[in-house]
Amino acid sequence: MESGQPNSAASDHNLDGDAQAHPWMELIEPISTDKTQNSSVPPVEGVAGGGTSYGWVDGGLQASSLGNGAIDPTKIHSADLLHVWSMPSTANVSQQEAPRPLEHVNLLAARNERESFQIALRPKVSWATSGIAGSVQVQCTDLCSSAGDRLVVGQSVTLRRVVPMLGVPDALVPIDPLNSQINLLPGETSAIWVSLNVPCGQQPGLYEGEIFLSAVRAEAESRGESLTKSERYQLYKELRNCIDITETRDYSSSEEMVQRLTSASTTLRRMLALPSFQDCQENNGLGDMMDEDIMNNVAVRLKLSLTVWDFTLPLTPSLPAVFGISETVIEDRFCLEHGTKGWYDALDHHFRWLLQYRISPFFCRWGDSMRILAYTCPWPADHPKAKEYYSDPRLAAYAVPYAPILSSTDAAKNSLRREVEILKSEAHWSKSYFYLWDEPLNMEQYDVICSISNELRSYASDVRILTTYYCGPSGSELAPSTFEAFVKVPNVLRPHTQIFCTSEWVLGTREDLVKDIVAELRPDLGEEWWTYVCMGPSDPQPNWHLGMRGTQHRAVMWRVWKEGGTGFLYWGTNCYEKAMIPSAEICFRRGLPPGDGVLFYPGEVFSSSHEPVASTRLERILSGMQDIEYLKLYSSRYGREEGLALLEKTGVYLGPDRYALDHGPIDVMRGEVYRTCRS
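Here the structure is a predicted model, which means the values were calculated and not measured.

So, on to the sheet that holds strand 16 (residues 398-399). If you walk across this open sheet you meet the 9 strands as 15-14-13-21-20-19-18-17-16, and the pairing is mixed. The open sheet terminates on both sides in strands that have one partner only, identified here as strand 15 (372-375) and strand 16. In this sheet, strand 14 (residues 360-366) lies alongside strand 13 (residues 321-326) in parallel orientation, the contact comprising 5 bridges. Bridged to S326 within strand 14 is C364. Helix-sheet contacts for helix 12 (residues 443-459) involve strand 17 (432-438) and strand 18 (465-469), and the interaxial angle to strand 17 is about 155°.

Now the structure itself:
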């Protein structure tokens, strides 16, 4: 679905104009039900109603009664200046979010799991002289157990600022632990996303800590008060000197390099001896460094407890979830030439960053008529990096590049044969697949897939080919109705496809149609049923569009598990409009629902950082993937039917239009798994 190619998925999906219905949409009407048409559509949080759809109102909360005039935040308790309260990770905290009482946060997590929540902040008055309401300093202690074990701030505990995209809270911009101030605007609610990452080797038990939020003078207002002019000049001169000394250059000798580094070290030690740093204590972690206002007990204190239980999520996800990364978007935005060192470094950085979300990334380049070059590793199979990639236990599935898709030369074919010969001898070969064509539409395209399959199967008889589709091939007489033709696709592609990946859009709210699809498959031949979302389905069904409910985002994976899919595909994670500089404004592609194909943003858009910035939707995908591990554990103890019953009796997920609208049922389900499976 790259832009700039006349016959790419972009044109097939009408990205250059208003989105058009797929040709198979006509088949939905006869199978739709009145129940679906009359169902209550959840409000779009952050767009119409915000978090008030949870029923949280401002009743009983008193506004500050401070008088007019300048306010010194260091002399007034921060609770008199701002509202602070916690929100679940599934809440879209809008700028109009009304305050609620501050409560102790209690969380539950397994080892190798990330659990998140949000802190909402709303100013009661303005204490800044600039256009903002004021600045808030955010500091967190390490989380400690009674046995002395810790979850360290900056490593296992991270804080990010929630930034709106198109007015909807979505981008999670890291907060610098060394300068953890955020600015609040008058009459607006802001949110901080707090994530607790539990390492695999963490000792189980109860971990407790606190987050301190204190109103402070804005950085620009307090800068002159913290240091005298002469001190600031001295600091600037010394830092400038360090940069000059250590600037990258060719050293004439190792002795010169040592001398320069020694000189820089001496300068830095002299700076630390300045009076401004006398109050700083060495060897303290970030979680132990508290400002004077906190010591004076003027900060709002949020108590935080995390129960780490004696269960570890598997390193290799139980469900292969393969997500695309557009290589051409990376090339354009970061001005990288294909095949250069910078290009390899950029792809490697994106790959490793996405692995933390329990997804298996693949890079992609789109050709004509929806042909696709999909590959997980940029390096050939005989490169040392390739072994590192393919053997990574966090990778549940990997795409092998079909090089002739771009060039059908003998060299490309020989390279492909060599690639398969190397990989098929490895233990990880069972994770491999080829993704050749996206949503083929006619028999001519089906014939090309079959032809390529014959070639690949001559190299390895157990090769796996993945094909996505939402309809049967035009020009065929498979069945009398459109949907029946869709169901019969395996009969056309067998044995040339092993992973039949169908659109959730086709199903609508008719879960019973899953049985018809699966009935056509041959598990004895290694055939699998995967699903995908792209453009559709739309509200109220689960998807990852901007503005949908947080539980709606998380429910995509609940749906996969309930319907029995053995894998999942998502077409793009970085497919925003073309830009030629890293810091360019993010524009979602025309003709697609906002957020479709975009799950993270370039860090340069928000700061000088080169680290990608996750969306709240990507974090909720991770939560959904973790939910699958909980359900799998529960089902391994009590059977799949009991696992399905747990989803229903807790109210988490009953169907594509019937799932939890708030966070409560999720905690109930997770707590039940913990209670019954911890022994």
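Taken N-terminus to C-terminus, the directions of helix 19 (residues 640-649) and helix 20 (residues 664-677) make an angle of 140°; their axes are 9 Å apart at the nearest point. With respect to helix 20, the element helix 19 is oriented oblique. In the crossing of helix 19 with helix 20, the sense of the turn from one axis to the other is right-handed. Here L646, L647 and K649 of helix 19 come into contact with helix 20, specifically with M669, E672 and V673. In terms of residue class, the contact of helix 19 with helix 20 is made up of 4 nonpolar, no polar and 2 charged.

As a further point, take the nonpolar core. Membership of the largest hydrophobic core comes to 122 residues, with the highest contact counts inside it found for F434, L456, W544 and F568. For this core, the two domains that each supply at least three residues are domain 1 (78-219 + 293-312) and domain 2 (321-615). Among all residues touching W544, those that are not within four sequence positions of it are F323, V533, H553, V556, M557, F568, Y570, G595, L599, R617 and I621. L82, I119, V153 and I211 belong to the second-largest nonpolar core, a separate cluster that totals 37 residues.

Turning our attention to the sheet that holds strand 7 (residues 157-165). Pairing within the open sheet is antiparallel, and its 5 strands lie in the order 1-3-10-7-8. Only two strands of the sheet have a single partner each, and these edge strands are strand 1 (82-88) and strand 8 (168-174). Across the sheet, the mean angle separating the axes of adjacent strands is 30° when strand polarity is ignored. Looking at chain direction, strand 3 (residues 113-123) and strand 10 (residues 190-198) are connected through 9 bridges and run antiparallel. Within strand 10, the position partnered with R114 by the bridge is N197. Across the sheet, helix 18 (residues 616-638) touches strand 3, strand 7, strand 8 and strand 10, and the angle it forms with strand 3 is around 140°.

What follows concerns the layout of surface pockets. The computed volume of the second largest pocket comes to approximately 600 Å³. If you trace the second largest pocket, you find 26 residues lining it, with R114, N197, Q356, Y357 and L622 closest to the centre. Counting only elements with at least two residues in the lining of the second largest pocket, the list comes to strand 3, strand 7, strand 8, strand 10, helix 9 (341-355), strand 23 (613-614) and helix 18. Across the lining of the second largest pocket, the residue classes break down as 14 nonpolar, 6 polar and 6 charged. Formed jointly, the lining of the second largest pocket draws a minimum of three residues from each of two domains, domain 1 (78-219 + 293-312) and domain 2 (321-615).

Let's shift gears to the pairing of strand 1. For strand 1, the tally of buried residues reaches 7 of 7 residues, placing the bulk of the element in the interior. Relative to strand 3, strand 1 is paired through 7 bridges, and the arrangement is antiparallel. Residue pairing in the sheet places W85 in a bridge with A120 of strand 3.

A word on the packing of aromatic side chains. Each aromatic ring pair is described using two quantities: the centre-to-centre distance and the angle formed by the ring planes. Taken as a whole and assessed by the stated rule, the structure comprises 22 aromatic pairs. Considering the side-chain rings of W379 and Y389, the 5.7 Å spacing of their centres and the 75° angle between planes classify their relative orientation as edge-to-face. With W379 in the loop between strand 15 and helix 10 (384-390) and Y389 in helix 10, this residue pair connects regions lying 10 residues apart in the sequence. When its relative accessible area of 11% is taken as the criterion, W379 is described as buried. Above the plane of the ring of Y357 lies R114, whose end atom (NZ or CZ) is 5.2 Å from the centre. One residue, R640, lies across the ring of W561, its end atom 4.6 Å from the ring centre.

Looking at the protein chain as a whole, the pLDDT averages 85, with 81% of positions reaching at least 70. Segment residues 1-63 is flagged for pLDDT under 50; beyond a separation of four residues in sequence, or across chains, it makes 131 contacts in the model. With pLDDT under 50 throughout, residues 281-289 is counted as low confidence; its partners more than four residues away or in other chains account for 11 contacts.

As a further point, take the side chain of S86. When you line up the elements, S86 lands in strand 1. If we ignore the near neighbours within four places in the chain, the residues touching S86 are R100, E103, V105 and Q118.

Parameters and conventions
- Every chain's residues receive numbers from 1 upward, in the order its sequence appears when written.
- With the structure being a predicted model, the display of local features is reserved for residues of pLDDT at least 70 and the display and counting of side-chain atom pairs for 80 or more, all residues being used for whole-chain, interface and lining totals.
- The side-chain quantities take in all heavy atoms of the structure and omit both hydrogens and water.
- In this scheme, strands are said to pair when DSSP sees at least two bridges between them.
- A run of DSSP states H or I qualifies as a helix once it reaches four residues; a run of E qualifies as a strand once it reaches two. Both are numbered from the N-terminal end.
- Should any heavy atoms of two residues lie within 4.5 Å, those residues are considered in contact.
- Here the axes come from fitting lines to C-alpha atoms, over the contacting stretch only for helices, and the angles between their N-to-C directions go from 0 to 180 degrees.
- Between 65 and 115 degrees an angle is taken as roughly perpendicular, under 35 as roughly parallel, over 145 as roughly antiparallel, and anywhere else as oblique.
- It is the rotation of the near helix from the far one that decides the hand of a crossing: anticlockwise by less than a right angle makes it left-handed, clockwise makes it right-handed.
- Charged means Asp, Glu, Lys or Arg here, nonpolar means Ala, Val, Leu, Ile, Met, Phe, Trp, Tyr, Cys or Pro, and polar covers whatever is left, Gly included.
- We call a set of buried Ala, Val, Leu, Ile, Met, Phe, Trp, Tyr and Cys residues a nonpolar core when their side-chain atoms join them within 4.5 Å.
- Residue burial is assigned from relative accessible area. The probe radius is 1.4 Å, only protein chains are included, and a residue is buried under 20% of its type maximum, exposed over 50%, and partly exposed in between.
- Note: domain ranges come from an automatic or database domain assignment.
- In this analysis a 1.4 Å probe is tested at points of a 1 Å grid over the protein atoms alone, and where it fits but cannot get out there is a cavity; an open set with protein on both sides within 12 Å along at least five of seven lines is a pocket; lining residues have an atom within 4 Å of a point.
- Grid points are joined across faces, edges and corners, and a volume is the space filled by probe spheres set on the points.
- Two rings belonging to Phe, Tyr or Trp (six-membered ring only in the last case) form a pair when the distance between their centres is within 6.5 Å. Interplanar angles under 30 degrees mark stacking, angles over 60 mark edge-to-face geometry, and anything in between is tilted.
- Cation placement over rings: the criterion is NZ of Lys or CZ of Arg within 6 Å of the ring centroid and within 35° of the ring normal.
- The pLDDT value expresses, per residue, how confident the predictor is, ranging between 0 and 100.

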